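Summary of the model geometry
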Amino acid sequence: MKIEVFFSPSQIDDLFLRDKNVVVIDVLRASSTVIAALNNGAREIIPVNTIESAVKVSGNLFGDVVLRGGERNGKIIEGFNLGNSPFEYTEEAVKGKSIILCTSNGSPAMWKARYAKNLLIAGFVNVSAVVERIKEIKDDIYILCAGKLTQFCIEDAVSAGMIIKQLMDDDQEFEFNDSGVAAFALYKNASKSLVKMAKASDHGKYLMEIGFEKDLEFCTSVDMFDAVPELVGNVLKLKKKNEVPATPHVPISIDTVGGKGD
Ligand code: MLT
């Protein structure tokens, strides 16, 4: 089995990921937020590429069963219900709701992988569950780090490296690309204190500056959740064992929305 890591979505075209098994990581904070929201009972998450798309797809269900969440420059978008801090996605706020998520890098990376055969959302908070799911898939895996504005982000790379470390601990044979080998080396270097690594990262420093230091602790808490958000039909859900892809219950999907970016 081949495991290929990409440090930025700008390294690949949308169609490259078609029919592939893709793991998207945006540790700070979109993937950690998606994992928290679904574990807190959100019905589904629809990641979109632009604010315009988020407004369009939430339509007249907005504010009732459909919420808009996301950020620009780390802060809540005007007219949205929620920002992008996992602490906002409490059971009280999200239970039973469909959430249209629009963030600067994470949701566009998820959207980019919308034609994947299997799309898994990963972070430190669910790393072991993701590794188990990768082993079940038993096929080549493409790990897509969201990065920041097309650039490398250390926290996403270290999280990819932790997945690789756990796969290497397994008996099966895996083959990694050079980025995968580099991710593993970065993980080894950072593994003593993930939160320290996050606090020293570019985006971590920025989030601390704007008051989100607690998010860094949350997003680097290993295995807080034992479940993997996956593309089911055209939305992200916590997939139940043997679930067959289904048609979404509302006429919105990551397949039909998007755009060129804000
Ligand atoms: C992103 O998508 O760039 C992030 O999740 C930004 C953030 O809210 O920290």
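Residues numbered from 1 in each chain as written. Predicted model: local features only at pLDDT ≥ 70, side-chain atom pairs only at ≥ 80, totals over all residues. Heavy atoms only, no water.

The next subject is the side chain of Lys112. Relative to the elements of secondary structure, Lys112 occurs in helix 4 (residues 106-112). Buried charged residue Lys112 carries no salt bridge. Nearest counter-charge: Asp14, at 4.1 Å. Not counting residues within four places of it along the chain, the set of residues in contact with Lys112 comprises Pro9, Ile12, Asp13, Asp14 and Leu17. (Helix = DSSP H or I, 4+ residues; strand = E, 2+ residues; numbered from the N terminus. Buried < 20%, exposed > 50% of the residue type's maximum accessible area, 1.4 Å probe, protein only. Lys, Arg positive; Asp, Glu negative; His and termini not counted. Salt bridge = Lys/Arg side-chain N within 4 Å of Asp/Glu carboxyl O. Contact = heavy atoms within 4.5 Å.)

Linking two cysteines covalently through their sulfur atoms gives a disulfide. Enumeration over the complete set of coordinates arrives at zero disulfides. Free of any disulfide, Cys102 has its nearest neighbouring cysteine sulfur in Cys153, separated by 17 Å. The thiol sulfur of Cys219 is not disulfide-bonded, and the nearest other cysteine sulfur, from Cys153, lies at 12 Å. (Disulfide = S-S within 2.5 Å.)

What follows concerns the packing of aromatic side chains. Taken as a whole, this structure holds six aromatic pairs when the rule is applied. Both rings, one in Phe87 and one in Phe218, keep their centres 5.2 Å apart while their planes meet at 70 degrees; by these two values the pair is edge-to-face. Here the residue Phe87 occupies a position in the loop between strand 5 (75-76) and helix 3 (91-94), and Phe218 occupies one in helix 10 (residues 213-219), the gap between them amounting to 131 residues. One Lys or Arg, Lys20, reaches over the ring of Phe16 and ends 4.3 Å from the middle of that ring. Here the guanidinium or amino end of Arg29 rests over the ring plane of Phe212, the centre of that ring lying 4.4 Å away. (Phe/Tyr/Trp six-rings, centres within 6.5 Å; stacked < 30°, edge-to-face > 60°. Lys NZ or Arg CZ within 6 Å of the ring centre and 35° of its normal.)

Before going further, it helps to examine the site of the ligand. If you check the shell around the ligand, you find Asp26, Leu28, Arg29, Ala30, Glu71, Asn84, Thr103, Ser104, Asn105, Gly106, His203 and Leu207 and nothing else. In the model, an oxygen atom of the ligand is placed 2.7 Å from a nitrogen or oxygen of the Asn84 side chain. Contacts to the ligand include Asn105, whose side-chain N or O atom sits 2.7 Å from an oxygen atom. Compared with its free state, where it exposes 270 Å², the ligand has 98% of that area covered by protein. Of the residues assigned to the shell around the ligand, the class counts are three nonpolar, six polar and three charged. (Near = heavy atom within 4 Å. Polar contact = N/O pair within 3.5 Å; in protein donor to acceptor, adjacent residues only side chain to side chain. Areas by Shrake-Rupley, 256 points an atom, 1.4 Å probe, with all protein chains shown as cover. Nonpolar A, V, L, I, M, F, W, Y, C, P; charged D, E, K, R; others polar.)

With that settled, the discussion passes to the pattern of salt bridges. Enumeration according to the criterion identifies 12 salt bridges in this entry. Among the salt bridges present, the one from Arg133 reaches Glu136, with a minimum N-O distance of 3.0 Å. Remark: Glu136 and Arg133 occur in helix 5 (residues 127-137); sequence separation between them is three residues, near one turn of the helix. Look at Glu136 and you get partly exposed, because its relative accessible area is 45%. Residues Glu213 and Lys199 are paired through a salt bridge, measuring 3.1 Å at the closest nitrogen-oxygen approach. Taken together, the residues Glu213 in helix 10 and Lys199 in helix 8 (residues 194-200) connect sequence positions 14 residues apart. Overall, Glu213 belongs to the partly exposed group, its relative accessible area being 37%.

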